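Observations on the three-dimensional arrangement
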Amino acid sequence: MASQTILVTGAAGFLGSHLCDTLLGEGHTVIGADNLSTGKTANLEHLSSEPRFRFLEQDITRPFDPGKVDYVFNLASPASPVDYTRLGIETLQVGSVGTFNTLEIARKYNAGYLHASTSECYGDPEVHPQVETYWGNVNPIGPRSVYDEAKRFSEAAVMAYHRYHGVNTHLVRIFNTYGPRLQANDGRVISNFMMQALRGEPLTIYGDGSQTRSFCFVSDLIDGIVRLSRSSEHLPVNIGNPDEWTILECAKEVLAVTGSSSEIVRKPLPPDDPTRRRPDITRARNLLGWEPRIPLREGLQRSLEYFRSSVAVVA
Ligand code: UDP
């Protein structure tokens, strides 16, 4: 495809930085916006001498004009339960005002638009695995609501810009993803377990560890997002790995990969913690010809070096 100018919001984050790498690798010019509230400049350091990359320190809840762009990937938001609970109001603002501001950029420049939505739209799901047609079971006032409702509101805003303004929009519902550059101290299960295992500290299982998640390696996720951005599909598409693990099984995988002899301890289950989560990826398979390729064991191995170096950096 012809070389494009692409805006990526949340560029200094885990997924944003990997997306920038992929787009630059394809020959595009990338403007990476981030207000660094949870993103890290270290994730973009390797691009400092890349002439086709420009970093824009920008809070997207304030209107801004990056100049003419052909495509907007809107990934900006605190995303781990620890971060979005700490930054609750900011999360609501970025997932409402920020989404409008970036949609306006797409409208102004007649650019394509992809919004990073989430499996949290399904809340604690009664339908399993989760299909895109399921409307979800979300607590609108619980501790997770700042994230869940912001993302659900964003989906409504994106669909409205498609319906009322004809913007070429895409909605990806992202399931748990991990890999190098996942924030080492953001409290997520993979980062916690990897860091704990490598430090020889106990692995903290919340609740009885029977709750499930389905973990997708970052390169698979980015491949799915990029494919969706170039498709003609405007309705939400799940991207995630349907291989489902209990949290206890996940802890054992981490112990096996790290060779750690850490013990496992129990901690209280946070409120509204979904009991199960697994994407139905039939739509992604059919519409995008997409399929995750990297199993959990291999993805954890590929992440090992990154978490080892993080142990040295994060106190
Ligand atoms: N979890 C855990 N120990 C940890 C961190 C998380 O048992 O140290 C559990 C958490 O309660 C949840 C699952 O792992 O059931 C995934 O949590 P995470 O914060 O990664 O993201 P979520 O999928 O809940 O958004």
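Everything here concerns the structure above.
Below is a summary of the structure that appears in this document. (Residues numbered from 1 in each chain as written. Predicted model: local features only at pLDDT ≥ 70, side-chain atom pairs only at ≥ 80, totals over all residues. Heavy atoms only, no water.)

1. Focus: the overall build of the chain
Each helix and strand in the chain was counted, giving 9 helices and 13 strands. On C-alpha atoms alone, the chain measures out to a radius of gyration of 19 Å, which is about the 20 Å that the 2.2 N^0.38 rule sets for 315 residues. Seen through its C-alpha atoms, the chain measures out along the principal axes to roughly 55 × 45 × 40 Å. Relative to its full complement of 315 residues, the chain shows a buried share of 56%. The long-range fraction of contacts in the chain, counting pairs at least 24 apart against all pairs at least 6 apart in sequence, stands at 81%. (Helix = DSSP H or I, 4+ residues; strand = E, 2+ residues; numbered from the N terminus. Rg over C-alpha atoms; globule rule 2.2 N^0.38 Å. Buried < 20%, exposed > 50% of the residue type's maximum accessible area, 1.4 Å probe, protein only. Contact = heavy atoms within 4.5 Å.)

2. Considering the packing of helix H1 (residues 14-25) against helix H6 (residues 218-229)
Contact geometry for H1 and H6: axes closest at 10 Å, N-to-C directions at 65°. Accordingly, the angle class assigned to the pair H1 and H6 is roughly perpendicular. In the packing of H1 onto H6, the handedness of the crossing is right-handed. Contacts from Phe 14, Leu 15, His 18, Leu 19 and Thr 22 in H1 reach Val 218, Leu 221, Ile 222 and Val 226 in H6. When its residues are assigned to classes, the contact of H1 with H6 shows 7 nonpolar, 2 polar and no charged. (Axes fitted to C-alpha atoms, helices over the stretch in contact; angles between N-to-C directions. Parallel < 35°, antiparallel > 145°, perpendicular 65-115°, else oblique. Left-handed = near helix turned anticlockwise from the far one by under 90°. Nonpolar A, V, L, I, M, F, W, Y, C, P; charged D, E, K, R; others polar.)

3. Structural notes on H6
In a regular helix each residue adds 1.5 Å, so 12 residues correspond to 16 Å; H6 covers 17 Å between its end C-alpha atoms and thus fits that length. Most of H6 is tucked away, with 9 of its 12 residues classed as buried. Residues Val 218, Asp 220, Leu 221, Ile 222, Gly 224, Ile 225, Val 226, Leu 228 and Ser 229 constitute the buried set of H6. (Expected span 1.5 Å × (residues − 1).)

4. Examining the pairing of strand E5 (residues 112-118)
The element E5 is extensively covered by neighbouring structure, given that 7 of its 7 residues are classed as buried. A two-sided burial pattern is seen for E5, the buried positions comprising Gly 112, Leu 114, Ala 116 and Thr 118 on one face and Tyr 113, His 115 and Ser 117 on the other. When strand E4 (residues 71-74) meets E5, the two strands line up parallel, connected through 4 bridges. Each residue of the ladder has a partner; that of Asn 74, found in E5, is His 115. Judged from the 6 bridges that link them, E5 and strand E6 (residues 169-174) form a sheet pairing that is parallel. Each residue of the ladder has a partner; that of His 115, found in E6, is Leu 171. Handedness of the crossover joining E5 and E6 through helix H4 (residues 145-165): right-handed. (Pairing = 2+ DSSP bridges. Right-handed = clockwise from strand over helix to strand, strands pointing away.)

5. Thoughts on the packing of helix H5 (residues 189-199) against helix H7 (residues 247-258)
At a closest axis distance of 10 Å, the pairing of H5 and H7 adopts a crossing angle of 40°. Taken as axis vectors, H5 and H7 run oblique relative to one another. Here H5 runs over H7; the crossing is right-handed. Together, Val 189, Ile 190, Phe 193, Met 194, Ala 197 and Leu 198 of H5 and Ile 247, Cys 250, Ala 251, Val 254, Leu 255 and Thr 258 of H7 make up the contact between the two elements.

Nothing here speaks to function; it is all geometry.
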